[in-house]
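# Observations on chain architecture
Here is what each chain is made of, one letter per residue.
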Amino acid sequence: MSSVIVGRTGPFAGQSVVLGSAPLRFGRKSDNDVVIVSVSASRLHTEIVAEDGEFVLYDRSKNGTFVNDRPVIRHVLAPGDSIRIGDETFLFETQEAVETVMDLSQLDLPRANASANPGELRVTVTGGGPVGLAFALLLEDALPGKVSITVYDGRWVRNGSTVVWKDETHGNVRRQQVVTAQSRQYLALTEEMQSALFDAGGFSEMWPLGPDSVEGRPPRNIRIAYIEDQLLELANAKSAIRLVPKRFDPSEQQHRLSQEHVLVIAEGGGSRTREHFADRFGAADSSIYSLDGEHLQDLVLGLRVKSQLSDPMSVLLTVAQNRFLLNSLRGEGFLNMRLTREEAGNVIGIDPVRQVFEECVAARPCLMTRQEDNEFVCPTHGTLFLPALLRGSPLWKRIQEGLKMFGVPEDDLSAITSFRLDMVQRPRFTAQLNRPTAKSPGTYGFLLGDAANAIHFWPGRGLNSGLASAVSLARSLSRVWQGRPLRDADFIRHEAAMSMLQYRHKSRAWNAMVTTDERGVTRAIKDIIADSMEGERAVAKPDAEGSDLDLLLDRMRAIRERLAPRLPGMPSDEELHSHLSTLAPSTLRSLQESGAWDTLIVGGEEADIDIFYQSDAPVFVGRPIDPRTVGQTAGPRQSGALDPA
């Protein structure tokens, strides 16, 4: 008989979770199974662990856990026990006792054996972000009536008969970053998916046509949270897709997984499922993205802003330097700031109660939002953004300069977060996890999205690579599925497409991290920016501002000339001079010395997975040569014709 935890009061009220072999964790951190939204809750507050056929509650907190209104440290749970954590209460019961309030669709019931429906492709997807959901919807469309898909994500919650994204009341801060979806990728989605994403006008076309634009369609800026909402709504309506609002645990799911044909790992760059199967996918290599033996990483500060500049001005300012990058939707989005090593060390929060420093904004990362007192607060950990408290700190002054550059009043900086550009080379993206047996069909695993290729800083590159990988795998599976065990040979095209995506997108990202000078010396751009700021401590030369400003204006004129035919409304020389002359001399120096985006290196042919999925070309067999006719003049021979024996 199953045991269940049921929410009685608080955001979890009316929801249930079935206890299994894995511990059930309660706490303030967003990666807990049940997030407690209370100032009195600890990051990890309470655990329920299976021990010798019983479920034992352990208090891990400072403020205590109460069972039947009594504080406990360790307690063996009995049916009817009431658990209180902060202001929220839960009931421990058996399945039978709460059957009337329990949504049975949340139970992780085993699938039917292969013999029950041998023609059905059984697929599990870990991670229900844009890539995982896009893959599920694409495969459901490609194999109607022949596929059954289960998607897991711990960031979801059940709301009546549907599954929705958790919000801040559940401890989940939605991703409001704006990404740039290329037409090569969004046109590969189904018409239903394109309609859901774009018909309501929740996008803008800020960037000009480029090599990744097909059919004359420009790139489209769109919020990640909006993509997630629209795709999840579509998935809820598909009978072949089952949505499970919990994090996938590969150890707990071993038996069920052995009955699946496919496991798709789309959890993101820090995927635990991928690491569980690390021996199958192979060790990642970081040396290819290293300089002088050091694995190169960039820390980027993400500033949620509302810019007052026009899109053409924002694009020109962005591509003319390597310090700041704005990606927005009708002016609202994130201003990404590349940090030096010293600045990265200053991206910390401070706990005002315990008076200790926390790296939550740099390490998790968390989203710190502006409060009424102008402090930036992490809602998960209760920390404050330290550089904003020290208004005279060098980092805060440089943040203000970035805001000024993109026409953002300081009051329109609403949140701060960070993310890392940290790439590795993956040896393979496809692996056989279980071989077929008399009782199991054999399971293949696939890495998609950031679990395969984590790419950041260029907003949307990770999304475009992830969508392309989802399209590729859906096409491969729909082509080869015949109700028989899958084989390595079935995924030659997909593995080749994934390798091409890795090469193209990571080589582009690498060239956004480094530059080579006239002597052929390659350096990290963040170090060039750091050297340019050494002058802040010295007395500036009288002509320093004019020199840096003139060089920057010359660069912008050349870029404007290239972009103007594809992006009308470019600013004039007078507008550029008036705007840039308000910046501090040290800022102009950093912008100028950081260099422009190297569009020559990162441009060129794009990764096109369509080439792997075109109709099979006929095989032509050359006609054998008769040695007696060598040297004789012969008329044209029809390719593929064979001489008679």
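Above this text you will find the structure in question.
An account of the accompanying structure is given in this report. Predicted, not measured: the structure shown is a model, and the values here were computed from it.

Conventions adopted
Residues numbered from 1 in each chain as written. Predicted model: local features only at pLDDT ≥ 70, side-chain atom pairs only at ≥ 80, totals over all residues. Heavy atoms only, no water. Buried < 20%, exposed > 50% of the residue type's maximum accessible area, 1.4 Å probe, protein only. Helix = DSSP H or I, 4+ residues; strand = E, 2+ residues; numbered from the N terminus. Core = buried A, V, L, I, M, F, W, Y, C linked by side-chain atoms within 4.5 Å. Contact = heavy atoms within 4.5 Å. Phe/Tyr/Trp six-rings, centres within 6.5 Å; stacked < 30°, edge-to-face > 60°. Salt bridge = Lys/Arg side-chain N within 4 Å of Asp/Glu carboxyl O. Pairing = 2+ DSSP bridges. Axes fitted to C-alpha atoms, helices over the stretch in contact; angles between N-to-C directions.

## Description of helix 8 (residues 311-319)
- Counting buried residues along helix 8, eight of its nine residues qualify, which places the element largely inside the surrounding structure.
- Among the residues of helix 8, Pro-312, Met-313, Ser-314, Val-315, Leu-316, Leu-317, Thr-318 and Val-319 are the ones counted as buried.

## Regarding the nonpolar core
- In terms of nonpolar packing, the biggest core is built from 72 residues, with Leu-121, Val-123, Phe-135, Leu-139, Ile-149, Leu-243 and Leu-477 touching the most fellow members.
- In contact with Leu-121, not counting residues within four places along its chain, are Leu-139, Leu-143, Lys-146, Val-147, Ser-148, His-261, Val-262, Leu-477 and Trp-481.
- Of all hydrophobic cores here, the second largest spans 52 residues; its members include Cys-360, Met-368, Leu-549 and Leu-588.

## Some details on the packing of aromatic side chains
- Scanning the model with the defined rule gives 12 aromatic pairs in all.
- On the numbers, 5.2 Å between centres and 70 degrees between planes, the contact of Phe-26 with Phe-90 is edge-to-face. With a gap of 64 residues between them, Phe-26 in strand 3 (residues 24-27) and Phe-90 in strand 11 (residues 88-94) connect regions that are remote in the sequence. The same class applies to Phe-26 and to Phe-90, which are both buried.
- Residues Phe-446 and Phe-491 carry aromatic rings whose centres are separated by 4.8 Å and whose planes lie at 70 degrees to one another, so their mutual orientation is edge-to-face. Residue Phe-446 is found in strand 32 (residues 443-447), and its partner Phe-491 is found in the loop between helix 13 (461-480) and helix 14 (492-511); the two are separated by 45 residues along the sequence.
- Phe-446 gets classed as buried once you look at its relative accessible area, which sits at 0%.
- With relative accessibility at 2%, the residue Phe-491 sits in the buried group.

## Thoughts on the pattern of salt bridges
- Enumeration according to the criterion identifies 36 salt bridges in this entry.
- Glu-275 is paired through a salt bridge with Arg-274; the nearest N and O atoms lie 2.7 Å apart.
- Residue classification places Arg-274 among the buried residues on the basis of a relative accessible area of 6%.
- Taking the shortest distance from any N to any O, the salt bridge between Arg-504 and Glu-606 comes out at 3.5 Å. With Arg-504 in helix 14 and Glu-606 in the segment after helix 19 (599-602), this residue pair connects regions lying 102 residues apart in the sequence.
- Classification of Arg-504 by relative accessible area gives buried; the value is 10%.
- The buried category is assigned to Glu-606, whose relative accessible area is 9%.
- Here the residues in one salt-bridge network are Arg-43, Asp-351, Arg-354 and Glu-358, joined through shared partners.

## What to know about the sheet that holds strand 9 (residues 74-76)
- In spatial order, the strands read 4-3-5-6-9; together these five strands make up an open sheet with mixed pairing. Because the sheet does not close on itself, it has two edges, and the strands there are strand 4 (34-35) and strand 9.
- Relative to strand 6 (residues 54-59), strand 5 (residues 46-51) runs antiparallel, the two sharing six bridges. Bridge pairing links Thr-46 to Asp-59 in strand 6.

## Focus: the sheet that holds strand 18 (residues 241-244)
- Strand order in the open sheet formed by six strands is 18-13-12-19-32-31, with mixed pairing between adjacent strands. Either end of the sheet is taken by a strand with one partner, and the two such strands are strand 18 and strand 31 (430-434). Here the average twist between neighbouring strands, direction ignored, is 20 degrees.
- Looking at chain direction, strand 12 (residues 121-126) and strand 19 (residues 262-265) are connected through four bridges and run parallel. From the neighbouring strand, Val-123 faces strand 19, where its bridge partner is Val-262.

## Comments concerning the environment of Phe-66
- Counting through the fold element by element, Phe-66 comes out in strand 7 (residues 65-67).
- The sequence separation of Phe-66 and Ile-83 amounts to 17 residues, and the corresponding C-alpha distance is 5.7 Å.
- Phe-66 has contacts with Pro-71, Ser-82, Ile-83 and Arg-84, leaving out every residue within four places of it along the chain.

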